[in-house]
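What follows is each chain in one-letter form.
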Amino acid sequence: MIEVKNAIQRMMNSKSITNSGWIIGQQVFQMLLQLVVSIITARYLGPSNYGTLNYTASFVTFFTSIASLGMDGVIIKKLIDHPDKEGVYIGSCMGLRLVSSTLAIVTVSIVVYLLNPDEPIKVLLVFLQSCALIFSAIQILDSWFQRHLRSKYVSISKIIACLVVYSYKIFLLVTAKGLVWFAVSNILTDSIIALVELIFYKKQGGEKLKFNLGIGQDVLKESYHFIISGLMVSLYSQMDRVMIGQFLNDLDVGLYSMATTISSMWIFIPTAIINSFRPVILERKSYGDEKGFLLRLEQLYSFIIWLCIIVSFIVALGARLAIYVLYGSAYLGAVPALRISIWCETFAMIGSARGIWILAEQKNKYIKYYLSIGLVVNLLLNSLLIPYMGINGAAIATLITQITTSIIAPLFFKETRVHTRIVIESFLLKWRW
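For clarity, every value in this text was computed on a predicted model and none was experimentally measured. (Residues numbered from 1 in each chain as written. Predicted model: local features only at pLDDT ≥ 70, side-chain atom pairs only at ≥ 80, totals over all residues. Heavy atoms only, no water.)

A. Structural context of the overall build of the protein. What the protein contains, in helices and strands, is 18 helices and zero strands. The burial tally for the protein puts 49% of its 433 residues in the buried class. Taking the intrachain contacts of the protein between residues at least 6 apart in sequence as the baseline, contacts between residues at least 24 apart amount to 82%. A total of about 20,400 Å² of accessible surface is found on the protein, and carbon and sulfur atoms cover 67% of it. (Helix = DSSP H or I, 4+ residues; strand = E, 2+ residues; numbered from the N terminus. Buried < 20%, exposed > 50% of the residue type's maximum accessible area, 1.4 Å probe, protein only. Contact = heavy atoms within 4.5 Å. Areas by Shrake-Rupley, 256 points an atom, 1.4 Å probe, with all protein chains shown as cover.)

This is the structure we're talking about:
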């Protein structure tokens, strides 16, 4: 019996590694291709049109968290608990997400119209981009592939979509198409992913999808707090672009979007490191090895913090050259914003790694408190700084928000103050041997 268990464990470990490998490989491939095409696109559109496209995309991103209904994490648990009802659970969640996506498309179009009544092009752009939410709803199938450690099929779907869409964008660049054509690429991306996932789901023996309102409501009852968390994250991660568009203009949105794009284009590396450390650290905790748990956690923090600091120094020093070479002289106005925003990733990655500690110590409820504090800080600072400091004010607001949510907010609660101490000790390389 022990040998059988060991064999199963080895098999599961092997499948987990393979599964993770597909996910990371797809992300690297997509990131590299996206980098090349986005640079060419930004040069072609220019800061103003590029800003208009990103301004409307920010609204869609904001409503995506609402349209998804926070079901992604909950549905996996339901599939594990009810393996005989997979088709009903997936079909029910998909049905509810299709309804919420439709409502989101109507709502976001109305909101953009009310904010920009004299700019019908923005209403058209946000409508076209938001139509992708319909196909995104079908991608609840991701959860089924994850549950069965078959994420390679999701990765293949995204790689296919990536190749098709970026070929489409190159066609637009070669034929000098207008802005509306670029907005259609969002629909194309999600529709291809949804179609390919449906095909793989059927070929892999997935159950017939059925809708049951009661089961859908059962999942919704457990996922509502994830909707709230996702909503707050979307608010303070996208509100800077929206407020720049309202206080300033589309040109400034384009410059700021480019700066944040460069800042975040490399974070798949620390994210992959965090994902690799997660099971090792959590295992120490589950075995009751508290010292080993804290040691591995601090080692992870130290590596992530200093990696981010080194990269931030390099990018800050070479910001002007990087922007000039990659995007051209039209975007040089974003140099100061880039030098500020690159430091945001250090604290963002601390917040990401904190999820391991939160999970291990069962402090999940505090996440929404941190995000609420961050949201208030972000909205207040953006309102104060953008009118006087432009996009540099938005970058400063985001940096202070990240510091607040990652370092300062845990100090407000007795049970989580220790986390800030762990982060500081990790920065100083004072590990608990």
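B. Structural detail: the packing of helix 4 (residues 120-130) against helix 8 (residues 179-203). Look at helix 4 against helix 8: their axes get within 7 Å of each other, and the N-to-C directions meet at 20 degrees. The orientation of helix 4 relative to helix 8 falls into the category roughly parallel. Residues Ile121, Leu124, Leu125, Leu128 and Gln129 of helix 4 touch helix 8, and the partners they reach there are Leu179, Val180, Ala183, Val184, Asn186 and Ile187. For the contact of helix 4 with helix 8, the class distribution of residues is nine nonpolar, two polar and no charged. (Axes fitted to C-alpha atoms, helices over the stretch in contact; angles between N-to-C directions. Parallel < 35°, antiparallel > 145°, perpendicular 65-115°, else oblique. Nonpolar A, V, L, I, M, F, W, Y, C, P; charged D, E, K, R; others polar.)

C. Just the pattern of salt bridges, in detail. Summed over the entire model, instances satisfying the criterion amount to two salt bridges. The closest approach of N and O atoms between Glu119 and Lys122, which form a salt bridge, is 3.4 Å. For Glu119, a relative accessible area of 31% translates into the label partly exposed. Arg421 is paired through a salt bridge with Glu425; the nearest N and O atoms lie 3.9 Å apart. Note that Arg421 and Glu425 are positioned in helix 18 (residues 417-427) at a spacing of four residues, about one turn of the helix. By relative accessible area, Arg421 is classed as partly exposed at 45%. (Salt bridge = Lys/Arg side-chain N within 4 Å of Asp/Glu carboxyl O.)

D. Summary view of the environment of Ser143. On the secondary structure map, Ser143 appears in helix 6 (residues 141-147). A C-alpha to C-alpha distance of 6.8 Å links Ser143 and Ile75, two positions 68 residues apart in sequence.

E. Examining the environment of Leu198 more closely. Tracing the chain through its elements places Leu198 in helix 8. Along the chain, Leu198 and Gln139 lie 59 residues apart, while their C-alpha atoms are 8.6 Å from each other.

F. Summary view of helix 10 (residues 250-264). Here helix 10 contains 15 residues, and its C-alpha end-to-end distance of 21 Å stays within 8% of the 21 Å for a straight helix at 1.5 Å per residue. The element helix 10 is largely enclosed, with a buried count of 12 among its 15 residues. Every buried residue belonging to helix 10 is among Asp250, Asp252, Val253, Gly254, Leu255, Tyr256, Ser257, Met258, Ala259, Thr260, Ile262 and Ser263, and all of these are buried. (Expected span 1.5 Å × (residues − 1).)

G. Region of interest: the confidence of the model for the protein. Per-residue confidence for the protein averages 78 on the pLDDT scale, and 84% of its residues sit at or above 70. No element of the protein has a lower mean pLDDT than helix 1 (residues 2-67), at 65, and none a higher one than helix 14 (residues 335-341), at 93. Within the model, the stretch residues 1-16 combines pLDDT values under 50 with four contacts to residues more than four positions away or in other chains. (pLDDT = per-residue confidence, 0-100.)

H. Main features of the side chain of Thr405. With respect to the helices and strands, the residue Thr405 is situated in helix 17 (residues 391-408). For Thr405, a relative accessible area of 4% puts it in the buried group. Side-chain polar atoms of Thr405 contact the backbone oxygen of Gln402, separated by 3.2 Å. (Polar contact = N/O pair within 3.5 Å; in protein donor to acceptor, adjacent residues only side chain to side chain.)

I. Spatial organisation of the packing of aromatic side chains. In the structure shown here, the tally under the stated rule is seven aromatic pairs. Ring geometry for Phe313 against Trp343: centres 5.2 Å apart, planes inclined by 90 degrees, an arrangement best described as edge-to-face. Here Phe313 is found in helix 12 (residues 290-317), whereas its partner Trp343 is found in the loop between helix 14 and helix 15 (344-361), with 30 residues between them in sequence. Note on Trp343: relative accessible area 23%, which makes it partly exposed. Judged by centre distance (5.5 Å) and plane angle (25 degrees), the rings of Tyr369 and Phe413 are stacked. You can see Tyr369 sitting in helix 16 (residues 366-389) and its partner Phe413 sitting in the loop between helix 17 and helix 18, a full 44 residues away along the chain. Of the residues examined, Tyr369 reaches a relative accessible area of 33% and is grouped as partly exposed. One aromatic cluster is present, formed by Tyr366, Tyr369, Tyr370 and Phe413 through successive ring pairs. (Phe/Tyr/Trp six-rings, centres within 6.5 Å; stacked < 30°, edge-to-face > 60°.)

J. Expanded view of a nonpolar patch on the surface. There is a patch of nonpolar side chains on the surface, built from Trp306, Ile424, Phe427, Leu428 and Leu429 and spanning about 460 Å² of accessible area. Mapped onto the elements of the fold, Leu429 is located in the segment after helix 18. Accessibility expressed as a relative area gives 49% for Leu429, which makes it partly exposed. (Patch = residues over 30% accessible without salt bridge, like charges linked within 9 Å, V, L, I, M, F, W, Y side chains within 5 Å.)

K. Molecular detail of the nonpolar core. Core analysis: the biggest nonpolar cluster contains 85 residues, and Met258, Leu297, Leu300, Tyr301, Ile323 and Tyr331 have the highest contact counts within it. The next biggest cluster of nonpolar side chains, apart from the first, holds 23 residues, and it includes Ile75, Val88, Ile193 and Ile227. (Core = buried A, V, L, I, M, F, W, Y, C linked by side-chain atoms within 4.5 Å.)

L. Representation of the side chain of Asp252 in the model. In this fold, Asp252 is placed in helix 10. Put simply, Asp252 is tucked away with no salt bridge, and the nearest opposite charge, on Lys122, sits 11 Å away. Among residues more than four places away in sequence, those in contact with Asp252 are Ile244 and Ile391. (Lys, Arg positive; Asp, Glu negative; His and termini not counted.)

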